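# Architecture at a glance
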Amino acid sequence: MTVHFIGAGPGAADLITVRGRALIRACPVVLYAGSLVPPELVAEAGAEADRPPLVVDTAPLDLGAILQLIQQADAEGLDVARVHSGDPSLYGALGEQTRRLDALGIAWAVVPGVPAFAAAAAALGRELTLPEVSQTVILTRTAVRASKMPPGEELARLAASRATLALHLSVGNIERVVADLTPAYGADCPVAVVYRASWPEETVLKGTLADIAQAVKRQDLKRSAMILVGRVLDPPDFPDSHLYDAGHARHLRPGDSGNAQ
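Reference entry: report on the structure contained in this document. All values derive from a computational prediction rather than experimental measurement. (Residues numbered from 1 in each chain as written. Predicted model: local features only at pLDDT ≥ 70, side-chain atom pairs only at ≥ 80, totals over all residues. Heavy atoms only, no water.)

### Focus: the packing of helix α2 (residues 63-75) against helix α3 (residues 94-104)
To characterise two packed helices, one gives the angle between the axes of the helices and the distance between these axes. Inclusion rule: Only the stretch in contact is used when a helix axis is fitted, and all axes are lines through C-alpha atoms; the angle between N-to-C directions ranges over 0 to 180 degrees. Helix and strand assignments come from DSSP, with helices taken as H or I runs of at least 4 residues and strands as E runs of at least 2, each series counted from the N terminus. Angular relationships are summarised with four words: roughly parallel below 35 degrees, roughly antiparallel beyond 145, roughly perpendicular across 65 to 115, and oblique for the angles in between. Here is the rule for handedness: rotate from the far helix to the near one, and if that takes an anticlockwise turn smaller than a right angle the crossing is left-handed, while a clockwise turn gives right-handed. By definition, residues are in contact when any of their heavy atoms lie within 4.5 Å. Each residue gets one label: Ala, Val, Leu, Ile, Met, Phe, Trp, Tyr, Cys and Pro are nonpolar, Asp, Glu, Lys and Arg are charged, and the others, such as Gly, are polar.
In the contact formed by α2 and α3, the axes pass within 11 Å of each other and the chain directions differ by 45°. One way to sum up the angle between α2 and α3 is to call them oblique. Along this stretch, α2 crosses α3, giving a crossing that reads as right-handed. Residues Leu-63, Ile-66, Leu-67, Ile-70 and Gln-71 of α2 touch α3, and the partners they reach there are Glu-96, Gln-97, Arg-100, Leu-101 and Leu-104. Here the residues of the contact of α2 with α3 sort into six nonpolar, two polar and two charged.

Here you go:
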């Protein structure tokens, strides 16, 4: 028996991995976070299981209740598909679940998924790293009702890098985000807020640090939105990378110099 933590992706039913979908079909027990995972993603839950499936929306359950379901499945030798939104490695409460499974001696595995920041970048048609503009992406959040940020990870401190920022769980804190970032990035820095990236109701707001808070308030966005900040969103002229430069030698495309890299 194994508990499979499956990244279901950002929302669109066809953005889940082939492995993740196969496990959802095969596992006789499917536990999914219904507040974030659309029902279409578990529509085929247990379709290939050898018994009628148990499919449970865990949104109204606490951790103890979820673990009880897993322990029951373990006692019966039934594999579990634990379906999370996005990728389980980011803000998915993976760690607190797996440490309890370790203590119980229950096997588990992780299937990665498409993270929300990648879906938001796709909606914008933007690369988050551009030569001489930004080569770093910081994934972070701000503290509202969630657990507080560790010392040293304050947004104003991270802003000093001027790297591309991808902020989760922070649209309800947009005014504080603007206040913390403006001194380092400048009021004219481009910002995009993508609500429910890849869902049918996807909404994209574009602006700058000077006006994005007002746009968010007009749309009354309070959750389920990704904030992207950085010059890559509306870049100045930037040089091409060396990746496809005809004069750049590398091991798959040796140059005339013979110094393949």
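### Regarding the packing of aromatic side chains
What counts, and what does not: Two aromatic rings, drawn from Phe, Tyr or Trp (for Trp, its six-membered ring), form a pair once their centres lie within 6.5 Å of each other, and the interplanar angle then sorts them: stacked below 30 degrees, edge-to-face above 60, tilted otherwise. Consider the ring centre and the ring normal. A charge sits over the ring if Lys NZ or Arg CZ is within 6 Å of that centre and within 35 degrees of that normal.
For the structure on display, the rule yields one aromatic pair. Taking the centre distance of 6.4 Å and the plane angle of 80° together, the rings of Phe-5 and Trp-108 count as edge-to-face. Of this pair, Phe-5 sits in strand β1 (residues 2-7) while Trp-108 sits in strand β5 (residues 107-111); the two residues are 103 residues apart in sequence, bridging distant segments of the chain. The lysine or arginine in question, Arg-196, covers the ring of Trp-199, its NZ or CZ lying 4.1 Å from the ring centre.

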